[in-house]
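Each chain, letter by letter, is given below.
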Amino acid sequence: MTTQTRTDNDELPYWLALVRMPGVGPIMARALLAQWGTPRRLFDAGDTAMGTAGVVYEPAKAYLRQPDWAAVEHDLDWLIQSHCHAITLQDARYPTLLQQIPDPPPVLFVRGDPCRLAAMQLAIVGSRNPSASGERTAAEFASQLAHTGGTGLDQVYPARHRPLADEIAACGALVSEFPPGTPPRRENFPRRNRLISALSLGTLVVEAALHSGSLITARQAAEQGREVFAIPGSIHNPLARGCHALLRQGAKLVETVADVLEELPPLPGAEDTAPAASAARARAATGHHEFARFLNHIGFEPTAVDTLVERSGLTADQVSSMLVVLELHGLVASAPGGLYTRIH
């Protein structure tokens, strides 16, 4: 992977300056870009640009006269580091899902592989202090935990999560709309939550109290047209009350991974290669093409053997035998009631 340098994009310093303009959030930035086309044209126009946009906020006008180029230089120094990127709204790598919300950040700061942002993703949120049961449930529903604070990417909050942040950046990506050096601020957390939900096809809430940031993320997901999932818990567990409230409001009740997968559409603009990958794995595991063909008849929802017989045209004995082989290879799992589900 190449490192982004100062010569990669002559427009980049102006994008970085735009992000730091006081009193101008994502919505106003998008309006200014719609009028001026690029940040460079905006800054070339100076403080008169704000007047034509109907904005009289003096700190913003003063900033256009004298941008904080020293802070921009600090951002560019951060970008020289390995695996550090700034992705603008006009960058082809900017996530499609994020462009669909009304307030996409003008710039995303990424540490790791920016291509990961285009992959199919599910947000998993919950209590900072989960019960032992909730922690086990979250581990079962996710192969990795991807969570960063609402800060600049050089500021890990809480600090004890720095090793986790380094691990995520090494095999995935950390993303923030806040420039390097931004300290953790309480008011930034809802903005971070909106990115978590917007970058994902759906949000799964594992455990949450009635008044928690997880419910804010779930509400933002619903407002963005994303799926909202919730795992029920004991009526005696206060950390289950937030999930129960979401279920009363229309969130989907989740008991298995299949409950989530059956609701998720393919990522817009991307080819869904999961079935082909599963079929290839089936061929590699069993050495027979018929197992790969049979696997295509099994969905992620629990399915009865009789249904698989009807779909595949095989006998019940053949289906049962193939299910045993596929289960041994970790491609399907048995469920209560003699049902079977495909494993993603």
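Look a little higher up for the structure.
Report on the accompanying structure. (Residues numbered from 1 in each chain as written. Predicted model: local features only at pLDDT ≥ 70, side-chain atom pairs only at ≥ 80, totals over all residues. Heavy atoms only, no water.)

## A word on the sheet that holds strand β8 (residues 303-304)
Okay, so step 1: One open sheet holds the three strands; their spatial order is β8-β10-β9, and the pairing between them is antiparallel. Across the chains shown, the open sheet's two edge strands, defined by having one partner strand only, are β8 and β9 (332-335).
Okay, so step 2: The pairing of β8 with strand β10 (residues 339-342) spans two bridges and is antiparallel. The residue of β10 that forms the bridge with A304 is L339.
Okay, so step 3: The strands that helix α17 (residues 316-328) touches are β9 and β10; relative to β9, the one it contacts most, it runs at about 115 degrees. (Pairing = 2+ DSSP bridges. Helix = DSSP H or I, 4+ residues; strand = E, 2+ residues; numbered from the N terminus. Contact = heavy atoms within 4.5 Å. Axes fitted to C-alpha atoms, helices over the stretch in contact; angles between N-to-C directions.)

## Comments concerning the nonpolar core
Okay, so step 1: Counting residues in each nonpolar core, the largest one holds 39 residues, and the members touching the most others are M21, F43, L98 and L108.
Okay, so step 2: Those residues in contact with L108 that sit more than four places away from it in its chain are H85, A86, I87, Y94, P95, L98, L117, V175, S176 and L195.
Okay, so step 3: Formed by 13 residues, the second largest nonpolar core is a distinct cluster that contains L295, L326, L331 and V332. (Core = buried A, V, L, I, M, F, W, Y, C linked by side-chain atoms within 4.5 Å. Buried < 20%, exposed > 50% of the residue type's maximum accessible area, 1.4 Å probe, protein only.)

## Here we look at the packing of aromatic side chains
Okay, so step 1: The final tally for this structure, using the stated rule, is five aromatic pairs.
Okay, so step 2: Consider the rings of Y14 and W69, whose centres lie 5.6 Å apart with planes at 85 degrees: the pair is edge-to-face. With Y14 in helix α1 (residues 12-19) and W69 in helix α6 (residues 69-80), this pair connects stretches of sequence that are 55 residues apart.
Okay, so step 3: For Y14, a relative accessible area of 17% puts it in the buried group.
Okay, so step 4: Judged by centre distance (6.2 Å) and plane angle (50 degrees), the ring pair of F43 and W69 falls under tilted. (Phe/Tyr/Trp six-rings, centres within 6.5 Å; stacked < 30°, edge-to-face > 60°.)

## Digging into the pattern of salt bridges
Okay, so step 1: The full count for this structure, using the stated rule, is seven salt bridges.
Okay, so step 2: Across the salt bridge formed by R20 and D75, the nearest N and O atoms sit 2.8 Å from each other. Residue R20 is located in the loop between α1 and α2 (26-36), and its partner D75 is located in helix α6; the two are separated by 55 residues in the primary sequence.
Okay, so step 3: Residue E177 pairs with R191 through a salt bridge whose shortest N-O separation is 2.8 Å. Residue E177 is located in the loop between β4 (173-176) and α10 (189-198), and its partner R191 is located in helix α10; the two are separated by 14 residues in the primary sequence.
Okay, so step 4: A single network of salt bridges, built from pairs that share partners, joins D103, E177, R191 and R194. (Salt bridge = Lys/Arg side-chain N within 4 Å of Asp/Glu carboxyl O.)

## Some thoughts on helix α5 (residues 58-65)
Okay, so step 1: Regarding α5, the residues found buried are A60, K61, Y63 and L64. In an axial view of α5, the angular spread of the buried residues amounts to 160 degrees, which keeps them on one side of the axis. (Arc of directions from axis to C-beta.)

## Structural notes on unusual backbone geometry
Okay, so step 1: Positioned with a positive phi, H83 is a non-glycine residue whose angle comes to about 65 degrees.
Okay, so step 2: Within the element layout of this structure, H83 appears in the loop between α6 and β1 (84-88).

## Some thoughts on the sheet that holds β4
Okay, so step 1: In space, the three strands of this open sheet follow the order β1-β2-β4, with antiparallel pairing throughout. Bordering the open sheet on either side are β1 and β4, each of which pairs with just one other strand. Here the strands of the sheet are splayed against their neighbours by 25 degrees on average, with no regard to which way each runs.
Okay, so step 2: Examined bridge by bridge, β1 and strand β2 (residues 107-112) share five bridges and lie antiparallel to one another. Counterpart to T88 in the pairing with β2 is V107.
Okay, so step 3: Strands in contact with α1 are β1 and β2; relative to β2, the strand with the most contacts, it is inclined by about 110 degrees.

## Comments concerning the packing of α1 against α6
Okay, so step 1: In contact at an axis separation of 9 Å, α1 and α6 are set at 120 degrees when each is read in the N-to-C sense. Pair α1 / α6 crosses with right-handed handedness. Taken together, the residues of α6 that come into contact with α1 (itself represented by L12, P13, Y14, L16 and A17) are W69, V72, D75, L76 and L79.
Okay, so step 2: In terms of residue class, the contact of α1 with α6 is made up of nine nonpolar, no polar and one charged. (Left-handed = near helix turned anticlockwise from the far one by under 90°. Nonpolar A, V, L, I, M, F, W, Y, C, P; charged D, E, K, R; others polar.)

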